[in-house]
Structure formats: C-alpha cells, structure tokens
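Report on the structure
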Amino acid sequence: MSKRKSSNSGLTPDKRSRLSQPEPSEEDKTDYFSSGDGMNTSQSVTGEVGIIESISLKNFMCHSLLGPFKFGPNVNFVVGNNGSGKSAVLTALIVALGGKANTTNRGSSLKVFVKEGESSADVSITLRNRGHDAYKPEVFGQSINIDLRISSEGTRTYKLKSKTGHLVSSKKEELISILDHFNIQVDNPVSILTQEMSKHFLHSKKEGDKYKFFMKATQLDQMKEDYSYIMKTKTMTQNTVEKHRETLQELKRKYQEKEERYKNLASLDEMQHKLDELKNQMAWALVAEVEQEMKPMRERIAAEEKSTIKYDQKVEEWEGKVQEANRIFRQLQDQLEGVTDRMQQLQPQCAELKSRVQARNRDLKAAETGFHRKKTNLRDLERDKDQLNKRIQELKHSISQTNSADTRAREEKMNHIQAELEDLSFQDSTLAQQIDQFTQACATAKEKLGRMSREKQDLQRAMESKRRNLAAMENSRNDQLCRFGEHMPPLLRAIDEADRRGQFKKKPVGPLGFCIRLRDPELGLAVECCLKSLMLAFCCDNHADERELQRIMSRYFQQGRRPQIIVSRFTNTVYDVRSRAVYHPEYPTVLQSLDIENPVVANCLIDMRGIETILLIKNAKDARRAMQSVNRPRNCMEAFTREGDQVYYNRYYSSEQDRVRYLSKDIEEEIRFENIKSIFEMGFISECCRKLQAELIELQNVEEPQSEDLKPLCVPASKQFCLYLARSELHKKHYEENRKAHVDMIETLKTNLNVKDQELQASIAKASEICPERLDVRRTAKSLDSEISRLRHKINTQQDQHGHRDIIVRQYHEAKENFSNIARQVKGLEAFIRQLTDIMNTRHNVYTKMRMYLSVRCKYYFNLMLSQRGYIGKMTFDHKNDTLSISVLPGEGGKANLSDMRSLSGGERSFSTVCFVLSLWGIAEGPFCALDEFDVYMDMVNRRISMDMMLKIAASQRYRQFIFLTPQSMR
C-alpha cells in the first residue's frame, strides 16, 4: 500500500481541467465554496486545529503493524490493493476517536478488532493543536496524542498525551471535550464516509435514505430529535400544570377551611390559659400534700423513739432474770458436785448393792427355773394324784378292815402334800403375772422408744429443710433462681451448655415462674396458688428436646421430684384469646396481672391452666359475691383471693400456703421472717429433743428396773433450772429481737421519710419548673385534678369539633404553604411553557429557514458539480414526507429528459454520487473529511473529473484536511 500527499503545484486546476468533459467556463475555474475569496487567498491558509498529523496501528484487525502514517494538512490519498489495510486505517480512526463498533460496520464489538492470537490492539493518533483555537495549549502543546488500547475482552482505555509525551488524562470525557472543541464528528457520514455507509445511503434507491443522509450530514436530524424531545417535555409539563390546576382548587378550598378554623382558636386560648393556671396550682398543691403526709411520719418516728425505752427496760429486766438464773444454776451445779462427791463415796456401796441385785436376779432366774420344774412336777403329781385317788378308792374296799391308825397317818401325809401343792400353784400364778407385766412394759417401752426416735429424725429433717430454705433465700439476694431450689441454677447452666453444643433444636424455656413478673405485688400468693407446680415447670418445643432435658434433670433431681416438662410447639405470638377470655371492669385475670415477655410462656400457661379465664379478687367476700351470684362473669371458671383461697361458683377451698415463695419482691422481709420463725421452731425442737431424751432415760430405767443410781435424783432439779434458764434466755432474745425490729422499723420510717423528703424536693423542683413562684393553694389536689379534667375534657371536646390547637395551627400553615407552593409552581410552569413556546416557535422558524438554506445550497453545489461534465441535475426536497429525489440528465442539456439515478450507468451514478457528497462538503463543517473507495464504480473519465472537482474543493478549503482512500493507481 502506498500513500501520496498532494502538492499545490502538481495538482493545479488548469492541468485537471483538460480531463473534464466539457471544458469548464472561467467562472467554474474559480473556487467552488470560497464565498467570493480568490484561490490565492485560500491557499495561504492551512488548518491549525483538529487535523490528523499521523496514525499508527498495532495488532489491529488482521494487521500486526501499520504506520505510522504522516498526513498532510490538506489533500491526502491512501492508495492500495484490497486487503492492504486502507479500511483498517479508517476504522481505527473512528474507533480511536470514540466511535462505536457498529458505526464502522466491521463488527458489533470492539474485541473483533483485536488481531487473533493477541491480547490487545493499539491505535495512536496525533491531532494538530495550534493557533488561537487550540485546546489547552499550555497543557498539550501544539499537538495532542491519543493512544487507544483495546483488550481482547472488548474494553478500551485512553491515554491523552501532550506533544512531549506527558500523560495528561485517561478519561474519555476529556476526549469528548477535545472532539467537541475541534468539531470532529466521527458518526457524521460527511466527515468519515465508509464503504458500508456509502452503500447504505448513497447507493440506496430509496429517496428516504438519501434524505436521512442529508439530515445526518447537516446534523439537522439531531436538531429535529432535540426539538421533538423538547415538545414531549412541554406536553408533559402542560399535563402536569393541568393536574396542578385541579389540585390548586382543592388546596385553596382546604386552605380556606383551615384559615376559618384557625380564626376560631381564640376561645380555646382562654381555656388553655386557665388550664395552665390550674396546672400551676396543681403542682404546688401536690407539694403541700406531700408536706402533710410527712408531718404524721415525723410524729410517729418521735413516738416510736420514745417507746424504745420500754424495750430497753424489758431487755434489762430479762437480762437480770437470766443472770439470777445463771447464779442459781451455778449454785445447783455446786450442789450437784457435792452430790457427785457423795455419790462417789457411796459408789462402793452401790457396787455392792448392784452385785446383790445381780445375785437376786440370778436367784430369780433359778427360782423361775425351779418353778417351771416344780410346775412340771405338779402336773406329774396331779396325774399321780388322780391315779392315787383311783387306787385309794380301790384300796378302800380292800383295806376296810385294816388298822385305823395307819389310815389316819396316811391321810395326814396326803393333806400335807396337798397343802404344799396349793402353795406352789399360788407362787406359780404370781410369778406368771409378774413376768407378763414386765414383758408388756418392755414391749410398750420399745414401741415408744422407736416412735420417739422417728419423731426426733423428723424434727431433725425439718430443721435441715428450714436451714436449706433459709440458705436459698439468703442466696436469692444475688440470684433469684435460688428461690426455685438449690438445684435450679446448676440445672439452667447445664441447659445453656447443652444449647451451646447444639443438643437442643430449640432451647427449653423455664422455670415458668422465673419468666413472669407481677404487676401487683399483693397478688403474688394468689398467682402461686393458681399455678402451683407450673411455677417450676419447663416447656420444650419437641419430644427430642424433652428427652434431652429429662437426661439433664436426672443429674440434679430424683425420679419422683423432677420439675414438670410440657411439650408444645414454640410460636412468636401470643394466642388470640379475646373470644374465650374473661373481661371484668374491676378484677383482672391472671393473664392481665402478669408481665410475660416470652410468648411461649404465655401460651403454655394458657394451654395448661387457662389463665385468661381465672379472675384475681383480693377480698374473699367480693370473690364469693362475684363468683357465687347469678350474674357471675362470663367465661370465668374460677377465682383466687389475695390469701390464695380458691373460689368456684358452688364451692370454696382455703389455701394451705400462707406465704409467697417465688414471686415476693421483699427478700429481706422474707429472710427476717424465716429467721424469727426458725429461732422459735428450733427452740421448740430443742425442748422436744430434751423431753425425748428424758423419756429415753426413763425407758432405759424401765429396761433395767433393778438399777439404782444417785444421778437421776439430781436430774429433775437440773432439768427444771435448765428449762428456766433457756426460757429466760429465750425471753431476753425475744425482747432483743423486738427491740432490734423496733429500731429497724424506726430506721425504715426514717428511710421512708428521707424518700418522702426527696420526693418533696423533686415535687418542689418540678413545681418550680412549672411555676417558679410558690402559690398559696387552698384547694386540694383532688378538686384541682377534677377541674383540670373537666376543663381538659371541654378543650378536647372543642378540639374534637375543631381539632387540636397545635394541629390546627400546623395544618393552617401547611395548607397555606402548600397552596402558595403549588400556586407558585403553576405560575412558574405556565411562564416556562409560554417562554418555551415562544422559544420553540422562534427556533422552529430558524430551523425551517436553516433547512431551506442548506437545501438551496446543496442544490446549488450539486448542479455546479454536475456541470463540470455537462450534466444537468435536479434535487427535490420533500421535508414533509422526509424524502430527497435526485434526477440527472447526462450529456447536453435539452437533448433528453431528466431521469432518475437508477437509470444511469455505474460510472455516471458514481459521478452523481460524488457530486452529492461534494455538495454536502460545501455545507458541512469539520476539520477533516475522509472518503473510502469513492471511485470504485467509475470509468477513467468520470474518475478524472471527480478527482479534479475534489481537488478544486480541497484547494479552496485549505483549512480542512481531506483523506481519500482508493484501490486504483493515481498514475
């Protein structure tokens, strides 16, 4: 491919004129578009800004390297065979100057311009930047270098450099500013006419395409689109104005209504002023009432401090009694020691007596043995007696004649034996009765001993339970969970640990009593009696979580003493119980008296206990009257009193529980009560233990009735004085505790007085904020409050009729502002529409005149170009239908009629097309023009004439650069 740069001397119009048919006249030899200026004058002027000085391509399309090409300031020919890269240079020029890929008609994306196998393509263009119209000459210098890089992904980056190679900017906005400053239009077909654009517009047989080409070349199409957009905007604005006019009437009506209501606020202001005065009086009346409340508190504290002396006297009295008892006890101890010494002296004698007792016991046992033996012998003797009686009867007949003396001797002996037998029988019965009595006494004593041992164990267990409860209450000062049992805190920690390890699908909730709060502390016992075991219950979402919770509970609770577990699906909302709940104007339900944050807890208590249907009535009489009357509350199943009693419509159950265990807020009071209760119970238990111990000693004496000792003789007296001493110490302790409680009560009263004093100071400060000057108020706060309520009700009534004052004022100003804003906007839009209409009418007239002027100039230049070869042409613009028809008559004028360009030969049609393009050059502006393969369908004659015309135009426009691309030789 070769490039030829024209020179003024070698391409003069005289030399080119010999190739033209026919010879041009002298007028035609002058400048076509010089507007009266001579050729010599135009030749002395060259383009200073916007013309292309050089271009180079790397890896662009199918070319590894093209250029750099140096271009002259006026006429440049790019000559080369097809495929040598001419069109690539023109395509690179369009793309490098910001044109779109589809504008080149060589591809739909920039990535198609990267040579296959390469990662990027580079294009470098140098634009001249001289003279008065230079773009930022202090930054870029006399030329601007535009470097474009296209990646294989289709992205492009720019580098705008100065003449010295310094990078100035990498933004496309800077390139657009440069193109606008130089009036370079890469999408204008007159500036750069590619082959495809030429085929589409110039060689098209449609008149509409030629008209579009004319409009695009003159940029009238852009002006037309701008005007169309402006007219659409104007129409939308008019529609908006019409809507605003309708809205304006409504706003005006509302504004007038608000204004009328605003004027009716005078009476409300007077009532509001009076209300403010009453509020001031109310503030100081509350202060006076607090002062009145503090007066009896001070008097009571003074009285209680005086009564403290009585408690001191009682404590001193019993302290003296305790000292006297201790003195007597010490005397008894001394006597006991003397008795003990005496007992030690008598100990040998006692041992001797004990040995005698043991010998007697042995004799008793031997006697018992002999008794049993004699009893056996007695039975044998009775049997022998019977036999002997029979024998006697038999012998009576045989010895009737024996000696009477022998008979009397035998009878006496038998009588003696009979008397001994009766004595032994009497001793046997007496010993048997004694043995039965001792056996029965031993059995009774053993039974009583076992019963007393069990009672002692029960009392010890009760004492241990009291100690655990007291310890739990002590711990609940810092952790309320301890009130639910000593195992509850470790159980909840184990549940939290299992939940962190993911052993639960959803963490169980409980204990339920820990998740609820009382709104009225007086109802604590009633709520606990209602919920009972549910206070310690847990709730699980599913059965798998229940099994896991059972496993964890087994580590802390026995099988029969575990808290209840309820399985119910967890939800985030509380059940809607409005249809089945109880509603009473005076008494709340259990659900209403509790603050329950967790919906799962509320739903569980609703399911398990129906707390929405249970009323809480403090007074038992009121509860009976409400529940056992004919008109009892609808949906109410039962009620609970403040004491925990359960009331049905036909029966009444008293509560076994007397104190709040879980929901009490006064922990210190509970601990003090339990301490006092434990002291008395422990004293009672100790007394019982002492009695049991004494009875055990007596029973032990029953076990050994023969044992005698001197110690039991001293026990009753010692016991009596011990009990007297213990009773005295208990009384002393009782009065000391009463005195301490009395002092604590005084301290509590003083604390309450301080709180009341702080409340008074706060009331004074609040009243001072409301009304700085103290008022002497004669009325009570209750009467002031009733009057304030009445006046506020009256104000609210009028405000309901007219609206709240602040709202009325705000609405009035808002309505006024809205009405003013909309009216101002409508007025401004109307003025804008009128001004826009005037401007558009003026611009449309100018646009019409300009279009007519450009059409006339285009016709003139077209006919002038055709005349170079002796053609006659006609160009008809139909601006109404957007068509452009061109008729050309080749040869001498008058010999034939004008015909459409479709009837011309290829060379004649190409020549006519060139004339059309040249006529557009005459009316278009731009620093350079590029024409690709303009002579492809021309014969040599038409080609020479067309080239002469283009060179003449180039010579007459030395300020513009022309680039012609042709595959034919210039020789």
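Residues numbered from 1 in each chain as written. Predicted model: local features only at pLDDT ≥ 70, side-chain atom pairs only at ≥ 80, totals over all residues. Heavy atoms only, no water.

Before going further, it helps to examine the overall build of the protein chain. For the protein chain, the helix and strand inventory stands at 22 helices and 22 strands. The buried share of the protein chain, taken over its 971 residues, is 38%. In the protein chain, of all internal contacts separated by at least 6 residues, the share reaching a separation of at least 24 is 74%. (Helix = DSSP H or I, 4+ residues; strand = E, 2+ residues; numbered from the N terminus. Buried < 20%, exposed > 50% of the residue type's maximum accessible area, 1.4 Å probe, protein only. Contact = heavy atoms within 4.5 Å.)

The next point concerns the pairing of strand S4 (residues 75–79). With 5 of 5 residues buried, S4 lies mostly within the body of the structure. Side chains Val75, Phe77 and Val79 project from S4 onto one buried face, and the interleaved Asn76 and Val78 project onto a second face that is buried too. Relative to strand S22 (residues 961–966), S4 runs parallel, the two sharing 5 bridges. Across the sheet, valine 78 pairs through a bridge with leucine 965, a residue of S22. (Pairing = 2+ DSSP bridges.)

Here we take up the packing of aromatic side chains. In the structure shown here, the tally under the stated rule is 11 aromatic pairs. Linked through ring pairs, Phe77, Phe962 and Phe964 together constitute an aromatic cluster. Here the guanidinium or amino end of arginine 624 rests over the ring plane of tyrosine 652, the centre of that ring lying 3.9 Å away. Directly above the aromatic system of tyrosine 649 lies the positively charged group of arginine 632, at a separation of 4.6 Å from the ring centroid. (Phe/Tyr/Trp six-rings, centres within 6.5 Å; stacked < 30°, edge-to-face > 60°. Lys NZ or Arg CZ within 6 Å of the ring centre and 35° of its normal.)

So, about the sheet that holds strand S3 (residues 63–70). Here 6 strands make up an open sheet; going across it, the order is S3-S2-S5-S6-S7-S8 and the pairing antiparallel. The open sheet has two edge strands, S3 and strand S8 (167–169), and neither has a second partner. Taking the axes of each pair of neighbouring strands and ignoring which way they run, one obtains an average angle of 25 degrees across the sheet. Looking at chain direction, strand S2 (residues 49–60) and strand S5 (residues 120–129) are connected through 7 bridges and run antiparallel. Counted as the bridge partner of serine 56 is serine 124 from S5. Strands S2, S3, S5, strand S6 (143–151) and strand S7 (156–161) of the sheet are contacted by helix H3 (residues 86–96), whose axis makes an angle of about 110 degrees with S2. Relative to the sheet, helix H5 (residues 172–182) contacts S2, S5, S6, S7 and S8, its axis offset from that of S7 by approximately 60 degrees. (Axes fitted to C-alpha atoms, helices over the stretch in contact; angles between N-to-C directions.)

On to the side chain of threonine 589, then. By the element assignment, threonine 589 lies in the loop between strand S12 (565–567) and strand S13 (594–596). Not counting residues up to four positions away in its chain, the partners in contact with threonine 589 are Val582, Ile611, Glu612, Ile614, Leu615 and Leu616.

So, on to the pattern of salt bridges. All told, the structure shown has 19 salt bridges when counted by the stated rule. Its salt-bridge partner being aspartate 496, residue lysine 507 comes within 2.5 Å of it at the nearest N-O pair. One end of the pair, lysine 507, is in the loop between helix H12 (488–500) and strand S10 (516–518); the other, aspartate 496, is in helix H12, with 11 residues separating them in the sequence. Residues glutamate 522 and lysine 618 are paired through a salt bridge, measuring 3.3 Å at the closest nitrogen-oxygen approach. Placement of the pair is glutamate 522 in the loop between S10 and helix H13 (524–531) and lysine 618 in the loop between strand S14 (614–616) and helix H16 (620–627), with a sequence separation of 96 residues. Since its relative accessible area comes to 41%, glutamate 522 is described here as partly exposed. One salt-bridge network, in which partners are shared between bridges, spans Asp520, Glu522, Lys618 and Arg642. (Salt bridge = Lys/Arg side-chain N within 4 Å of Asp/Glu carboxyl O.)

This part is about the side chain of aspartate 541. Mapping aspartate 541 onto the fold places it in the loop between strand S11 (538–540) and helix H14 (543–553). Residue classification places aspartate 541 among the buried positions, given a relative accessible area of 6%. Engagement of the side chain of aspartate 541 in a polar contact is seen with the side chain of arginine 569, the distance being 3.0 Å. In contact with aspartate 541, other than residues within four places in its own chain, are Lys506, Val567, Ser568, Arg569 and Phe570. (Polar contact = N/O pair within 3.5 Å; in protein donor to acceptor, adjacent residues only side chain to side chain.)

Moving on, we come to the nonpolar core. Core analysis: the biggest nonpolar cluster contains 51 residues, and Leu491, Ile516, Leu531, Phe538, Leu549 and Leu605 have the highest contact counts within it. Contact partners of leucine 491, with chain neighbours within four places excluded, come to Phe538, Ile552, Met553, Tyr556 and Phe557. In terms of nonpolar packing, the next biggest core, distinct from the first, is built from 49 residues, Phe213, Tyr861, Cys915 and Phe962 among them. (Core = buried A, V, L, I, M, F, W, Y, C linked by side-chain atoms within 4.5 Å.)

Attention now goes to the packing of H12 against H14. One can describe the packing of H12 onto H14 by two numbers: an axis separation of 10 Å at closest approach and a directional angle of 135 degrees. With respect to H14, the axis of H12 lies oblique. The handedness of the crossing between H12 and H14 is right-handed. Contacts between H12 and H14 pair Leu491, Ala494, Ile495 and Ala498 from the former with Leu549, Ile552 and Met553 from the latter. (Parallel < 35°, antiparallel > 145°, perpendicular 65-115°, else oblique. Left-handed = near helix turned anticlockwise from the far one by under 90°.)

Moving on to the environment of asparagine 818. Structurally, asparagine 818 is set in helix H20 (residues 805–866). The spacing of asparagine 818 and leucine 251 is 567 residues in sequence and 7.4 Å in space, taken between C-alpha atoms.

Residue glycine 510 is joined to proline 511 through a cis peptide bond whose omega torsion reads -10 degrees. Tracing the chain through its elements places proline 511 in the loop between H12 and S10. A positive phi angle, close to 55 degrees, is found at methionine 61, a residue other than glycine. Turning to its location among the elements, methionine 61 is positioned in the loop between S2 and S3. Non-glycine residue lysine 136 carries a positive phi angle of around 45 degrees. Checked against the element boundaries, lysine 136 lands in the loop between S5 and helix H4 (137–140). Residue lysine 136 is classed as partly exposed on the basis of its relative accessible area of 34%.

Turning our attention to the pairing of S3. Here S2 runs beside S3; their pairing, made up of 5 bridges, is antiparallel. Bridging across to S3, isoleucine 55 finds its partner in phenylalanine 69. Connecting S2 to the next strand, S3, in antiparallel fashion are 2 residues, including methionine 61 with a positive phi near 55 degrees.

Take the sheet that holds S14 next. With mixed pairing, the 4 strands of this open sheet are ordered in space as S14-S15-S16-S17. With one partner strand each, in any of the chains shown, S14 and strand S17 (652–653) form the two edges of the open sheet.

With that out of the way, let us pick up H3. Summarising burial for H3: 11 of the 11 residues are buried, a large majority. Two residues or fewer after H3 comes glycine 98, characterised by a positive phi angle close to 95 degrees.

Every buried residue of H16 is accounted for by Ala620, Ala623, Ala626 and Met627. Relative to the axis of H16, the buried residues are bounded by an arc of 130 degrees and lie together on one face. Of the residues in H16, the exposed ones pointing more than 90 degrees away from the buried face are Lys621 and Arg625. In this fold, the buried residues of H16 make contact with strand S15 (638–640), strand S16 (646–647) and S17. Where H16 begins, the side chain of asparagine 619 points an oxygen toward the backbone nitrogen of lysine 621, at a separation of 2.8 Å. (Arc of directions from axis to C-beta.)

Going through the model one piece at a time under the given rule, you end up with 0 disulfides. The structure places no disulfide on cysteine 540, whose sulfur is separated from the nearest cysteine sulfur, that of cysteine 539, by 6.8 Å. On the basis of relative accessibility, which here comes to 0%, the residue cysteine 540 falls in the buried class. (Disulfide = S-S within 2.5 Å.)

We now examine the confidence of the model for the protein chain. When pLDDT is averaged along the protein chain, the result is 76, and 77% of the positions lie at 70 or above. At the low end of the mean pLDDT range in the protein chain sits helix H1 (residues 13–17), at 32; at the high end sits S11, at 94. For the stretch residues 1–44, pLDDT sits under 50, and the model shows 83 contacts to residues farther than four places along the chain or on other chains. (pLDDT = per-residue confidence, 0-100.)

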